[in-house]
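Coordinate inspection notes
Each chain is listed here by its residues.
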Amino acid sequence: QVQLVESGGGWVQPGGSLRLSCAASGGTFTFNIMGWYRQAPGNERELVAFISDGGSTNYADSVKGRFTISRVNANNTVYLQMSSLKPEDTAVYYCNAKRMWPSTVDAWGQGTQVTVSS
């Protein structure tokens, strides 16, 4: 089975930066879409950003201009550079990876906690 391993979460003061990383197991097949979701206490899980294997990106309005998503297709790794962090960014961040070939896969990581507070 596909496994996603996340790292980079932690505590940071408002205005600070963090960089999240997520590596998918296996190096044979490329995921068409890789992205990040987040879920704060009492809220539903929401999309933060995603990136296609061709490099097209999409961001939630709340993070535009502050977060940057990138990927390395060769090893199915996706990154989320977070800057100018706000307390409302506090959440558990989940990595997601999707592909349709050779079979349909929609995989999720275990999540990593990001806490923004002073």
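Scroll up to find the structure this text is about.
In short, a report on the structure.

Quick notes on the rules
Residues numbered from 1 in each chain as written. Predicted model: local features only at pLDDT ≥ 70, side-chain atom pairs only at ≥ 80, totals over all residues. Heavy atoms only, no water. Core = buried A, V, L, I, M, F, W, Y, C linked by side-chain atoms within 4.5 Å. Buried < 20%, exposed > 50% of the residue type's maximum accessible area, 1.4 Å probe, protein only. Helix = DSSP H or I, 4+ residues; strand = E, 2+ residues; numbered from the N terminus. Contact = heavy atoms within 4.5 Å. Phe/Tyr/Trp six-rings, centres within 6.5 Å; stacked < 30°, edge-to-face > 60°. Lys NZ or Arg CZ within 6 Å of the ring centre and 35° of its normal. Disulfide = S-S within 2.5 Å.

Some thoughts on the nonpolar core
The biggest cluster of nonpolar side chains holds 30 residues, and the ones touching the most others in it are W36, L80, M82 and Y93. Secondary structure elements with two or more residues in this core: strand 3 (18–24), strand 4 (33–39), strand 5 (46–52), strand 7 (67–72), strand 8 (77–82), strand 9 (91–99), strand 10 (105–108) and strand 11 (112–116). In contact with M82, not counting residues within four places along its chain, are G16, S17, L18, L20, R66, F67, Y93 and V114.

Topic: the packing of aromatic side chains
Tallying each qualifying case throughout the model produces two aromatic pairs. Over the ring of Y79 we find R19; its NZ or CZ atom is 4.1 Å from the centre of that ring. Looking at R99, its charged tip hangs above the ring of F31, at a distance of 4.6 Å from the centre.

Some thoughts on the state of the cysteines
Note: disulfide means a covalent bond formed between the sulfur atoms of two cysteine side chains. In the structure shown here, the tally under the stated rule is one disulfide. Note on cysteine connectivity: C22 is disulfide-linked to C95, with sulfurs 2.0 Å apart. On the sign convention where negative is left-handed, the bridge of C22 and C95, at about -85 degrees about the S-S bond, is left-handed. Of this pair, C22 sits in strand 3 while C95 sits in strand 9, placing them 73 residues apart in sequence. Using a relative accessible area of 0% as the deciding quantity, one classes C95 as buried.

Description of unusual backbone geometry
Cis rather than trans, the peptide bond between W101 and P102 has omega equal to 5 degrees. Here P102 shows up in the loop between strand 9 and strand 10. Unlike most non-glycine residues, N76 shows phi in positive territory, near 50 degrees. The exposure class assigned to N76 is buried, which follows from its relative accessible area of 1%. Even without being glycine, S84 reaches a positive phi, approximately 50 degrees. Here S84 lies in the loop between strand 8 and strand 9.

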